[in-house]
Protein chains: 2
Amino acid sequence: MNNETIKVACSNCNVRELCMPIGLTIEELSRVDELVAMRRPVKRGATLFRNGEKFTSLFAIRTGFFKTCVTTEDGRDQVTGFQMAGEIIGLDGIVNDQHTCDAIALEDAEVCVLPFDRIEEISREVNALQHHVHKIMSREIVREHGVMLLLGSMRAEERLAAFLLNLVQRMQARGFSKSELVLRMTREEIGSYLGMKLETVSRAFSKFSEDGMVEVKQRHVHIKDAEGLKRIVNSQLCH
Amino acid sequence: MNNETIKVACSNCNVRELCMPIGLTIEELSRVDELVAMRRPVKRGATLFRNGEKFTSLFAIRTGFFKTCVTTEDGRDQVTGFQMAGEIIGLDGIVNDQHTCDAIALEDAEVCVLPFDRIEEISREVNALQHHVHKIMSREIVREHGVMLLLGSMRAEERLAAFLLNLVQRMQARGFSKSELVLRMTREEIGSYLGMKLETVSRAFSKFSEDGMVEVKQRHVHIKDAEGLKRIVNSQLCH
DNA sequence: CGCCGCATTGACGTTCGTCAAGTCTAGTGG
DNA sequence: CCACTAGACTTGACGAACGTCAATGCGGCG
């Protein structure tokens, strides 16, 4: 009804349970609300932060979809992750006070800006927040272990199957279908993340499609046989 | 001189500047000393912690050399890192209160046991420690980005060159030679870390040797042309 | 001295990258 | 409303890089 200079507050945010600790007392909750300095819209294709930029804040994704990627001087490029609502990005910037990767919106998005010094300050008073921050960073480390496993020991189809299952599982945790999926990234970006070429991604999609495990229509993916995909991931085709 | 039930203290530890924050006041330093619950020797081949074990502590490596690896139920296996003196391991355990990988000593080692609840407690009082913990976790995230880049976009020889340069650079930071290297891991473990087979590792070593960039004798590696290796890493052989 | 695990090397096969041609779709402008 | 275009995607043919399998060499330890 009334126009809203949307009150910035975690306490009534719909992705709260994804990015904030649970079981806070009322007063703790109001302290945590102070974390969010502002909200910031990010247009599709725009960068939220870029390699080399000064680090000041973490970002909690309220809506939208991002990719993060690292680049080397010699032009190598690697997507290190895809992030969706409720996830925190920018953790890479803490260690040297500057970001070491680019974060780019793959669809129109909105993020909460969380100044890191404020996070540290409030963490000292609210134990649950302190532990939550540690868990978020640990979770990212564990996730990356999984990616290393995927890149280091899986073949193309196994990688894509694992990727699709992971995506759909995260969507499901956000209340979306566990069989219907709209990819926000190109084949090339998927390939970069999975360490393979876009043609190989495309072929793997076609293969799954032939085998009746998914229906693929451009970026629309319908997963008809999640169990089949799981078998692919765990197949260890040889040995 | 006198026999030592070695006093457990960071303040006079020789790898302090590697694992502890710098610029602490005297009283802060004494608080930080309380972090170390005990020291624990780990024999070569022994596991410091294992996937599934309850997480209680981080470990700071005083001496020795470790590998960490993740395993899947279907028997896939991936070395996620090699850790040496001054580095902290166990961060993966925070998120779910249990370890998600195995840590195995590749040579006789000694670690400091840092109970994590004590870390959190003292972090609240000593800001420098709080920030240091954040930096350590962020550093690990950034390191893993680098591994993802390596696994996702480099060819075999580029990976091995990058690996050798990274190892020697870390050894140098610890006061060792920047050209002389004793590998503590097998070809197979190197291969697992780099996402390639042990034979491919061996062939890459032989290639470097033929090209006069290194001398290899089993696990002894002499780096004769670090610049050459750097060129390999940045070569982008095709394109 | 002999064994065993690790490492090297060679021959061959598979997977995936490369290059190229062609198709589909969404978006734009007449 | 339709035609046109650019970018994304698919598919095929071929080759390079790496994995696989197997034989052999080497060094350390009991």
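1. Digging into the side chain of Glu120(A)
(1) Moving on: With respect to the helices and strands, the residue Glu120(A) is situated in helix H3 (residues 116-125).
(2) Moving on: The buried charged residue Glu120(A) lacks any salt bridge partner; its closest oppositely charged side chain belongs to Arg124(A), at an N-O distance of 4.7 Å.
(3) Moving on: Among all residues touching Glu120(A), those that are not within four sequence positions of it are Gln130(B), His131(B) and His134(B).

2. Examining the protein's contact with DNA strand D
(1) Moving on: Neighbouring residues of DNA strand D: 18 residues in total, closest Ser202(A), Ser206(A), Ala156(B), Thr200(B) and Arg203(B).
(2) Moving on: Sugar plus phosphate, as a fraction of atoms of DNA strand D within 4 Å of the protein: 68%.
(3) Moving on: Residue Lys197(B) places a main-chain N or O atom 3.3 Å away from a phosphate oxygen belonging to DNA strand D.
(4) Moving on: Between DNA strand D and Arg203(B), the relevant distance is 2.8 Å, taken from a base oxygen to a side-chain nitrogen or oxygen of the residue.
(5) Moving on: If you list the elements that add at least two residues to the surface near DNA strand D, you get helix H7 (198-210) of chain A together with helix H7 (198-210) of chain B.
(6) Moving on: Sorting elements by how many residues they give to the surface near DNA strand D places H7(A) first, with 5 residues.
(7) Moving on: Across the surface near DNA strand D, the residue classes break down as 3 nonpolar, 7 polar and 8 charged.

3. What to know about helix H6 (residues 187-194) of chain B
All names here are of chain B.
(1) Moving on: Burial of H6 is extensive: 7 of the 8 residues sit out of reach of the surface.
(2) Moving on: Listed as buried for H6 are Arg-187, Glu-189, Ile-190, Gly-191, Ser-192, Tyr-193 and Leu-194.
(3) Moving on: Just beyond H6, the residue with positive phi is Gly-195, at close to 70 degrees.

4. Thoughts on the relation of the copies chain A and chain B
(1) Moving on: Placing chain A over chain B gives an RMSD of 0.0 Å and needs a rotation angle of 180 degrees, together with 0.0 Å of translation along the axis. Seen this way, the second copy is the image of the first under a two-fold rotation axis. Identified as the residue of chain A closest to the rotation axis by C-alpha distance is Arg124(A), at 2.3 Å.
(2) Moving on: A symmetric contact is evident, with 100% of the interface residues of chain A recurring at the interface of chain B.

5. Side note on the protein's contact with DNA strand C
(1) Moving on: As a matter of local geometry, DNA strand C sits amid 19 residues, with Ala156(A), Thr200(A), Arg203(A), Arg187(B) and Ser206(B) nearest to it.
(2) Moving on: Close to the protein, within 4 Å, the atoms of DNA strand C belong to sugar or phosphate groups at a rate of 68%.
(3) Moving on: The backbone of Lys197(A) places a nitrogen or oxygen atom 3.4 Å from a phosphate oxygen of DNA strand C.
(4) Moving on: Measuring from a phosphate oxygen of DNA strand C, one finds a side-chain N or O atom of Ser206(B) at 2.5 Å.
(5) Moving on: Every element with two or more residues in the surface near DNA strand C is listed here: H7 of chain A together with H7 of chain B.

6. A word on the confidence of the model for chain A
All names here are of chain A.
(1) Moving on: On average, chain A scores 92 in pLDDT, and the residues at 70 or more come to 95%.
(2) Moving on: When pLDDT is averaged over each element of chain A, helix H6 (residues 187-194) comes out on top at 98 and helix H1 (residues 16-19) at the bottom at 86.
(3) Moving on: Scored below 50 in pLDDT, residues 1-5 makes 0 contacts in the model with residues more than four places away or belonging to other chains.

7. Some remarks on the side chain of Glu87(B)
All names here are of chain B.
(1) Moving on: Following the sequence through the fold, Glu-87 ends up in the loop between strand E4 (77-84) and strand E5 (88-89).
(2) Moving on: From its side chain, Glu-87 meets the backbone nitrogen of Met-84 in a polar contact 2.8 Å long.
(3) Moving on: With residues up to four places along the chain from it excluded, the contact list for Glu-87 reads Phe-59, Ala-60, Ile-61, Phe-82, Arg-170 and Arg-174.

Rules used throughout
- Residues numbered from 1 in each chain as written.
- Chains lettered and ligands numbered in written order.
- Predicted model: local features only at pLDDT ≥ 70, side-chain atom pairs only at ≥ 80, totals over all residues.
- Heavy atoms only, no water.
- Helix = DSSP H or I, 4+ residues; strand = E, 2+ residues; numbered from the N terminus.
- Buried < 20%, exposed > 50% of the residue type's maximum accessible area, 1.4 Å probe, protein only.
- Lys, Arg positive; Asp, Glu negative; His and termini not counted.
- Salt bridge = Lys/Arg side-chain N within 4 Å of Asp/Glu carboxyl O.
- Contact = heavy atoms within 4.5 Å.
- Near = heavy atom within 4 Å.
- Polar contact = N/O pair within 3.5 Å; in protein donor to acceptor, adjacent residues only side chain to side chain.
- Nonpolar A, V, L, I, M, F, W, Y, C, P; charged D, E, K, R; others polar.
- Least-squares fit on C-alpha atoms with pLDDT ≥ 70 in both.
- pLDDT = per-residue confidence, 0-100.

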